[in-house]
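Each chain, written out:
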Amino acid sequence: MTTTLDPWFADPGTLPERTRSQLAMQMEPSHILAIADEVRGLQAAGEPIANFTIGDFAPSEFPVPRRFLEHEQRLQDAGENNYPPAVGMPQLRAAIRRHYVRDLGLSYPEGTVQVGSGARPLIYAAFACLVSPGDKVLYQVPSWNTSYYIALNFAHGIELVAKPEHGFMLTADDLAPHMQEARLLIINSPQNPSGTAISREAMTEICEAIVAENRRRDETGQRPLFLLYDMVYWQLTLDDVEHVTPVGCVPEMARYTIMVDAISKSWAATGVRVGWAVAPPWLMAPMKALVGHMGAWAGRAPQLATAATLDEPDIMRPWMEAYRTKVSGRQTRIYERLSALSAAGLPVEPVQPEGALYVTARFPLHGRTFGDRTVETDEDIRSVLLHQAHTAVVPFTSFGYPEGTGWMRFSIGAVTDADIEAALDRIEALLRQGGSS
Ligand SMILES: Cc1ncc(COP(=O)(O)O)c(C=O)c1O
């Protein structure tokens, strides 16, 4: 006999509100996923949309490296399918340390690597292990998801607007008024959404300010100011751009930095779920316990396959080069085509891409009317691009940026080269038509 439970969920009255915790009540769904859902709906209805919204890869365009998959299959077949240690497989932790010596020139001691199922649980664990309720977290807009992690930890966010003239990155001057009150600073480079990277000079100035602030706090016994450096896109840095790390710029920052990294973007492996954090050894015990309690470890075979693949840089080099060339080629193509439109006097201002999967451009279309839509907000610009140029982008307002600037993010991983050309033709036609003002 089957007991049908549907009636117990019909008409719940006030039960949902009375059920949910304070955290559940303040939990926000992702803005970007809501936009992506709308786009998928239009595509399902047969609209020929070029989907530049999601920070993910179409496997047909960007498959996971075959070498990694071969290792993973072999390891699964060999029975590597039970619980891994909560801190991560020793082979992977060691391979990550070798990788950083080889590719970043950073030699971390043993006991500084925590593995997890992608970057996200480690970002969450970093917040949870450093930030107490009410602690102040300094972060910038535009930024990816930081506000959600602040809310999840009942922290107090100090939000600063990063300026386009600084490549949408905060500077030491921007941070100076808040250094003494903050507990944690978040930096992401190369950055989602802007596709820009922090310079050595800007990073060095910020790190020197953090070290100076922490020397002051050492004297008073205050808790230090930490830096969470999210560098999940660092392997996707354009050729003529330098990827810098806090500890590479100011080694003393090793005491105050958690760096987060993953194969998600480095190997187009977003669904595999292998990431790691590198942190001072005295943060390992609580991070390990938290990842363990959440069960947020990466699978055993994917961990060992990541270790084996990281240890084969010569075999991986051609794959990495082809991958990076394809990603950066697309970013450059979008930038150059939008720049040509800008040079022709059309209302679009692209930003030179430096890394990640993104290209940023401003569409100052406020006050113009396209079809039945008069543009008043950034959401209207997104809507005009979607419905009248069949081009789906994400406005910077979805990354917390102030309303009314017209900045939009293009993500290049889930489209084809032909989609890119066709979308830019349609954008050109839309901007040439110009709308009425
Ligand atoms: C800046 C940034 N950090 C972290 C992540 C999440 O990485 P993972 O998929 O490894 O959890 C993303 C995903 O889009 C991202 O853009």
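Residues numbered from 1 in each chain as written. Predicted model: local features only at pLDDT ≥ 70, side-chain atom pairs only at ≥ 80, totals over all residues. Heavy atoms only, no water.

## Let's talk about the pattern of salt bridges
In a structure, side chains of opposite charge can pair up when their charged atoms sit close to one another.
Then step 1. Scanning the entire structure with this criterion turns up 27 salt bridges.
Then step 2. Close ionic contact of Glu61 with Lys326 constitutes a salt bridge, the shortest N to O distance being 3.4 Å. With Glu61 in the loop between strand E1 (50-51) and helix H5 (66-77) and Lys326 in helix H15 (residues 313-343), the pair connects residues that are 265 residues apart, well separated along the chain.
Then step 3. Under the relative-accessibility criterion, Glu61 is labelled buried at 17%.
Then step 4. With its nearest N and O atoms 2.3 Å apart, the salt bridge here joins Glu61 to Arg330. Linking Glu61 in the loop between E1 and H5 with Arg330 in helix H15, this pair joins segments that are 269 residues apart in sequence.
Then step 5. When salt bridges that share partners are traced, they join Arg333, Arg337, Glu421, Asp425, Glu428 and Arg432 into one network. (Salt bridge = Lys/Arg side-chain N within 4 Å of Asp/Glu carboxyl O. Helix = DSSP H or I, 4+ residues; strand = E, 2+ residues; numbered from the N terminus. Buried < 20%, exposed > 50% of the residue type's maximum accessible area, 1.4 Å probe, protein only.)

## Examining the packing of aromatic side chains
Then step 1. Taken as a whole, this structure holds 19 aromatic pairs when the rule is applied.
Then step 2. Each ring, one from Phe57 and one from Tyr323, has its centre 6.1 Å from the other, and the planes form 50°; the classification is tilted. Residue Phe57 is located in the loop between E1 and H5, and its partner Tyr323 is located in helix H15; the two are separated by 266 residues in the primary sequence. As far as burial versus exposure is concerned, Phe57 and Tyr323 are alike and both buried.
Then step 3. Measuring from centroid to centroid gives 6.0 Å for Phe62 and Tyr323, while their planes differ by 75°, and the two rings are edge-to-face. Of this pair, Phe62 sits in the loop between E1 and H5 while Tyr323 sits in helix H15; the two residues are 261 residues apart in sequence, bridging distant segments of the chain.
Then step 4. Assessed through its relative accessible area of 4%, Phe62 is described here as buried.
Then step 5. When its relative accessible area of 4% is taken as the criterion, Tyr323 is described as buried.
Then step 6. Taken together, Phe168, Phe396, Phe399, Tyr401 and Trp407 form an aromatic cluster joined through their ring pairs.
Then step 7. For the cation-ring pair, Lys326 lies above Phe62, with the distance from its terminal atom to the ring centre recorded as 4.9 Å. (Phe/Tyr/Trp six-rings, centres within 6.5 Å; stacked < 30°, edge-to-face > 60°. Lys NZ or Arg CZ within 6 Å of the ring centre and 35° of its normal.)

## As for the domain arrangement of the protein chain
Many structure descriptions define interface size as the accessible area lost when the parts assemble.
Then step 1. Segmenting the protein chain into domains produces domain 1 (22-62 + 317-433) and domain 2 (66-313).
Then step 2. Placing a centre on the C-alpha atoms of domain 1 and another on those of domain 2 gives a separation of 27 Å.
Then step 3. Contact with domain 1, which involves 37 residues of that partner, is made by 36 residues of domain 2.
Then step 4. For the pairing of domain 1 and domain 2, the buried interface totals around 3,000 Å² over both sides, and the portion due to carbon and sulfur atoms is 61%.
Then step 5. Counting every contact that joins domain 1 to domain 2 gives one salt bridge.
Then step 6. Across the salt bridge formed by Asp239 and Arg324, the nearest N and O atoms sit 3.0 Å from each other.
Then step 7. Our count for the contact surface shared by domain 1 and domain 2 stands at 22 residue pairs in polar contact (both at pLDDT 80 or more).
Then step 8. Looking at the side of domain 1 that touches domain 2, the elements with two or more residues in it are helix H3 (22-26), H15, strand E10 (358-362) and strand E15 (407-411). (Domains from an automatic or database assignment. Contact = heavy atoms within 4.5 Å. Buried area = accessible area lost by both parts, 1.4 Å probe. Polar contact = N/O pair within 3.5 Å; in protein donor to acceptor, adjacent residues only side chain to side chain.)

## Some remarks on the side chain of Thr309
Then step 1. Tracing the backbone shows Thr309 in helix H14 (residues 300-310).
Then step 2. The class of Thr309 is buried, set by a relative accessible area of 1%.
Then step 3. A distance of 2.7 Å separates the side chain of Thr309 from the backbone oxygen of Ala305, its partner in a polar contact.
Then step 4. Look past the residues within four positions of Thr309 in its chain and what remains in contact with it is Phe68, His71, Trp267 and Met316.

## Focus on the site of the ligand
Then step 1. Among the 13 residues in the neighbourhood of the ligand, the closest are listed as Ala119, Asn192, Asp230, Tyr233 and Ser264.
Then step 2. Between an oxygen atom of the ligand and a main-chain N or O atom of Ala119, the distance comes to 2.8 Å.
Then step 3. The separation between an oxygen atom of the ligand and a polar side-chain atom of Lys265 is 2.9 Å.
Then step 4. Of all the elements in the fold, those that place two or more residues in the shell around the ligand are helix H7 (119-130) and helix H12 (263-266).
Then step 5. Across the shell around the ligand, the residue classes tally to five nonpolar, four polar and four charged. (Near = heavy atom within 4 Å. Nonpolar A, V, L, I, M, F, W, Y, C, P; charged D, E, K, R; others polar.)

## As for the pairing of strand E6 (residues 226-230)
Within a regular beta strand, the side chains point alternately toward one face of the sheet and then the other, so they alternate between its two faces.
Then step 1. Counting buried positions along E6 yields five of five residues, so the element is predominantly enclosed.
Then step 2. With burial as the criterion, each face of E6 is covered, one bearing Phe226, Leu228 and Asp230 and the other bearing Leu227 and Tyr229.
Then step 3. Alignment of strand E5 (residues 184-188) against E6, held across five bridges, turns out to be parallel. Counterpart to Ile187 in the pairing with E6 is Tyr229.
Then step 4. On the question of chirality, the crossover connecting E5 to the parallel E6 by way of helix H10 (residues 200-220) is right-handed. (Pairing = 2+ DSSP bridges. Right-handed = clockwise from strand over helix to strand, strands pointing away.)

## Regarding the sheet that holds strand E14 (residues 394-395)
Then step 1. Ordered by their spatial adjacency, four strands build an open sheet running E9-E10-E15-E14, and the pairing between neighbours is antiparallel. Pairing within the sheet leaves two strands with one partner each, and these edge strands are strand E9 (349-350) and E14.
Then step 2. Pairing of E9 with E10, which is carried by two bridges, proceeds in the antiparallel orientation. Counted as the bridge partner of Glu349 is Arg362 from E10.
Then step 3. Those strands touched by helix H16 (residues 378-389) are E14 and E15, and its axis lies near 40° from that of E15. (Axes fitted to C-alpha atoms, helices over the stretch in contact; angles between N-to-C directions.)

## Topic: the packing of H15 against helix H17 (residues 417-433)
Then step 1. Where H15 contacts H17, the two axes come as close as 11 Å, and the packing angle between them is 15°. Taken together, the axes of H15 and H17 lie roughly parallel to each other. For H15 against H17, the interelement crossing comes out right-handed. Between H15 and H17, the contacting residues are Arg330, Arg333, Ile334, Arg337, Leu338 and Leu341 on the first element and Asp417, Ile420, Glu421, Leu424, Asp425, Ile427, Glu428 and Leu431 on the second.
Then step 2. Split by residue class, the contact of H15 with H17 holds seven nonpolar, no polar and seven charged. (Parallel < 35°, antiparallel > 145°, perpendicular 65-115°, else oblique. Left-handed = near helix turned anticlockwise from the far one by under 90°.)

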